Amino acid sequence: VVSASRRRRKRRFMTPNWSNWSGRLTADAELVHVRSEDDVARRVAAAEPGSTIRVAGRSHSHMPLIPNDDTIVDTSGLNGIISTNVDDQTAWIWAGTPIAALGATLHAAGLALKNQGDIDRQTIAGACPLYTADAAGDSVRVGESGCRTF
């Protein structure tokens, strides 16, 4: 077993394996692609105490929320709508689902997004912690529009 600090020393000399869309932010953390809830649970359970695990969406933000020296999880394999409930006006959506993929599917189920920014390439995992503007131009936290993650 290789310690986290030894992995960090070794990675310093490697090309970064993660960057945001512009290349302004980079990291040479271990990049893990998950395809199921079990993949995520196994990864978290195997993490060394005190290590950092960050989840990357489409890496659109310029805020340094993702870069770290340990682990970055790519959720693009967790994609699509899990279920919808028209009566409650809710939908369960996988974290790696791009916002652009939601319109037609939600509409077919009789639902829609309450608020959608002009950039729709973000994933649910990336969009939930961000702020966007509503139709009146006021800043609205996407989470206040009904985005809940766990």
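Scroll up to find the structure.
Residues numbered from 1 in each chain as written. Predicted model: local features only at pLDDT ≥ 70, side-chain atom pairs only at ≥ 80, totals over all residues. Heavy atoms only, no water.

Draft legend 1. Fine view of a nonpolar patch on the surface. Together, Val40, Val44 and Ile53 make up an exposed nonpolar region whose accessible area comes to about 200 Å². Take Ile53: its relative accessible area is 30%, and that puts it in the partly exposed class. (Patch = residues over 30% accessible without salt bridge, like charges linked within 9 Å, V, L, I, M, F, W, Y side chains within 5 Å. Areas by Shrake-Rupley, 256 points an atom, 1.4 Å probe, with all protein chains shown as cover. Salt bridge = Lys/Arg side-chain N within 4 Å of Asp/Glu carboxyl O. Buried < 20%, exposed > 50% of the residue type's maximum accessible area, 1.4 Å probe, protein only.)

Draft legend 2. Region of interest: the side chain of Asp74. Of note, Asp74 is situated in strand 5 (residues 71-74). An unpaired buried charge is present at Asp74: no salt bridge exists, and Arg35, the closest side chain of opposite charge, is 5.4 Å distant. Dropping the residues within four chain positions of it, Asp74 is found in contact with Leu31, Val32, His33, Val34 and Ala56. (Helix = DSSP H or I, 4+ residues; strand = E, 2+ residues; numbered from the N terminus. Lys, Arg positive; Asp, Glu negative; His and termini not counted. Contact = heavy atoms within 4.5 Å.)

Draft legend 3. Here's a closer look at the nonpolar core. Core analysis: the largest hydrophobic core is formed by seven residues, namely Trp18, Leu25, Ala27, Ala29, Ala56, Ile66 and Ile72. Filtering out sequence-adjacent residues up to four positions away, Trp18 remains in contact with Leu25, Thr26, Ala27, Leu31, Ala56, Ser59, Ile66, Pro67 and Ile72. By size, the runner-up hydrophobic cluster in this structure holds six residues, among which are Leu102, Leu106, Leu111 and Ala127. (Core = buried A, V, L, I, M, F, W, Y, C linked by side-chain atoms within 4.5 Å.)

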